[in-house]
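Fold and geometry: a report
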Amino acid sequence: MARPRPAEGAGTCSEVADSLGLRAGGRRGILPQRGEGSWTRALLATRRPQSCATMAPVSGPGTKKGILERLDSGQVVVGDGSFLITLEKRGYVKAGLWTPEAVVEHPNAVRQLHMEFLRAGSNVMQTFTFSASEENMESQWEDVNAIACELARDVAGKGDALVAGGISQTSIYKRHKDEARVKKLFQLQLEVFTRKNVDFLIAEYFEHAEEAVWAVEVLKESGKPVAATMCIGPEGDKHDVTPGECAVKLVKAGASIIGVNCRFGPDTSLKTIKLMTEGLQAAGLKAHLMVQSLGFHMPDCGKGGFVDLPEYPFGLEPRVATRWDIQKYARDAYNLGVRYIGGCCGFEPYHIRAIAEELAPERGFLPPASDKHGSWGSGLNMHTKPWVRARATREYWENLLPASGRPFCPSLSKPDI
């Protein structure tokens, strides 16, 4: 029996999804069988209410659920993606120091990228403050942090998104390991985030558990929820602290959300998450899990991740993950128990849309950017060439082995160290 089509203008996005059977227990078993189309295609075929095609409305201050309220209820939180690598390609960031002065010099470029991630389905607008400490930016650091908060808040207010203030590892830790000096740098950024009233805080891109713990200890002083992610692989941090031990240290320091970001591709990042989970279970601890991998395939990385590969940073394009790769990453992460799923370097807005589309049965709705995207290539059904129309199936794209177009290039590289 055909499912009823909702009346035009009736119901919410979630109610439309319910009418199509998309939220029944959040199981993949509700999807149509291969060859019969897909749930996304069915949903997009309905006459959806206006609220589905735009950002989720917000009625006023305090109406949004906080990050822990969302995660505690089992809700999927979709993170954002690449800023440094993406804005470098667009001509707004200089490779090398990778500092975010673009928020001051080119705020519209930063705002536009935030908007693209929001339309693609992101629930979090992370401040573009990577390496924006006094150590790296001298007199500019305070303006950069403040304006980054304002840009993120401006875009988050256009949808059901939260603002996360972000800090990252320092250079002086490696040189001096001076706890007081390192914490002072974190405290300065935290003062700006507190003044700008971000919703929660993220300590990201730490390759040493000790420094990550210092970051969490500082951020906890704000009273806001703290997430902490490390840029490590299955071998652990630079001091040979295992992923499981890193996870335990972060939770004991006060992080409510822990995981990994950057340096490694989707598959390797999820292997590390699994090891973190096992470490927490062995210690009798619990935390929400978060993963924000690279948007590149990096199976040949060494312990240092993609920065040690000869293609970094200007020759990485042949390694870009497809949208279908990212749908698999999202599903695999969800099945591991991860509920905060996003991306880092190389993760473009269409990758974020892939996460949102893959997990739409669990979330109950599609992002606005899906209005221009046929699920599993269904838009190709309108192509004039029959062999292209034949590609409008899930089975085709799930089983495709894409070529690089570079017959004299190897499929893998050797790290420089």
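This one's a predicted model, so the numbers in the text were calculated from it and none came from an experiment.

**Quick notes on the packing of aromatic side chains**
According to the stated counting rule, one finds 11 aromatic pairs in the structure shown. Residues Phe 130 and Tyr 205 carry aromatic rings whose centres are separated by 5.2 Å and whose planes lie at 75° to one another, so their mutual orientation is edge-to-face. Residue Phe 130 is located in the loop between β2 (124-126) and α8 (134-137), and its partner Tyr 205 is located in strand β4 (residues 200-206); the two are separated by 75 residues in the primary sequence. For Phe 130, a relative accessible area of 17% puts it in the buried group. The buried category is assigned to Tyr 205, whose relative accessible area is 11%. Relative to Tyr 340, the ring of Phe 200 has its centre 6.4 Å away and its plane inclined at 70°; by these criteria the two rings are edge-to-face. Here Phe 200 is found in strand β4, whereas its partner Tyr 340 is found in strand β8 (residues 340-343), with 140 residues between them in sequence. Put simply, the rings of Trp 324, Trp 376, Tyr 396 and Trp 397 pair up and form one aromatic cluster. Sitting over the face of the ring of Tyr 334, Arg 339 holds its NZ or CZ atom 3.6 Å from the ring centroid.

**A short note on the side chain of Glu 362**
Counting through the fold element by element, Glu 362 comes out in helix α17 (residues 360-363). Within the structure, the side chain of Glu 362 is placed 3.0 Å from the side chain of Arg 331, a separation counted as a polar contact.

**Focus on helix α15 (residues 323-335)**
Taking 1.5 Å of rise per residue, 13 residues should cover 18 Å, and α15 covers 19 Å from first to last C-alpha, within 8% of that figure. Within α15, the full set of buried residues consists of Trp 324, Ile 326, Gln 327, Tyr 329, Ala 330, Arg 331, Ala 333 and Tyr 334. Turning to α15, the residues buried within the fold contact α14 (266-283), β7 (288-293), β8, α16 (349-358), α17 and α19 (394-399). Remark: Gly 337 follows α15 within two positions and exhibits a positive phi of approximately 100°.

**Brief notes about the nonpolar core**
Counting 100 residues, the largest nonpolar core has Phe 128, Leu 250, Ile 258, Val 291 and Ile 355 as its most contacted members. It is helix α9 (residues 141-156) that provides the largest number of residues to this core, a total of nine residues. Counting residues in hydrophobic clusters, the runner-up holds 12 residues, among them Ile 67, Val 124, Ile 202 and Ile 257.

**Brief notes about unusual backbone geometry**
Negative phi is the rule for most residues except glycine; trans is the rule for most peptide bonds. The peptide bond linking Tyr 312 to Pro 313 adopts the cis configuration, its omega dihedral lying at -5°. Locating Pro 313 in the fold gives a position in the loop between β7 and α15. With phi around 55°, Trp 98 is a residue other than glycine that occupies positive phi space. One can find Trp 98 in the loop between α5 (84-89) and α6 (102-105). One non-glycine residue, Asp 240, lies in positive phi territory at about 65°.

Reading the values: rules and limits
- Position numbers for residues start from 1 in each chain and track the written sequence from start to end.
- Totals for whole chains, interfaces and linings use all residues, but because this is a predicted model, local features are given only for residues with pLDDT of at least 70 and pairs of side-chain atoms are given and counted only at 80 or more.
- With hydrogens and water excluded, all non-hydrogen atoms of the structure serve as input to the side-chain values.
- Note on ring pairs: Phe, Tyr and Trp rings are taken, using the six-membered ring of Trp, and paired if centres are within 6.5 Å. Classes follow the plane angle, with under 30 degrees stacked, over 60 edge-to-face and the rest tilted.
- Secondary structure elements follow DSSP: runs of H or I of four or more residues count as helices, runs of E of two or more count as strands, with numbering from the N terminus.
- For every residue, the accessible area (1.4 Å probe, protein chains only) is compared with the maximum for its type, and the residue is labelled buried under 20%, exposed over 50%, or partly exposed between those bounds.
- Placement of a positive charge over a ring is assigned whenever Lys NZ or Arg CZ falls within 6 Å of the ring centre and within 35 degrees of the normal to the ring plane.
- Within 3.5 Å is the distance limit for a polar contact, defined as a pair of N or O atoms, with the added protein rule that one can donate a hydrogen and the other accept it, and that residues adjacent in sequence qualify only through two side-chain atoms.
- Under the convention used throughout, the expected extent of a helix is 1.5 Å for every residue step, that is, one less than its residue count.
- Contacts were defined at the residue level, with two residues in contact if any of their heavy atoms lie within 4.5 Å.
- Throughout this description, the term nonpolar core refers to a set of buried Ala, Val, Leu, Ile, Met, Phe, Trp, Tyr and Cys residues connected via side-chain atoms within 4.5 Å.

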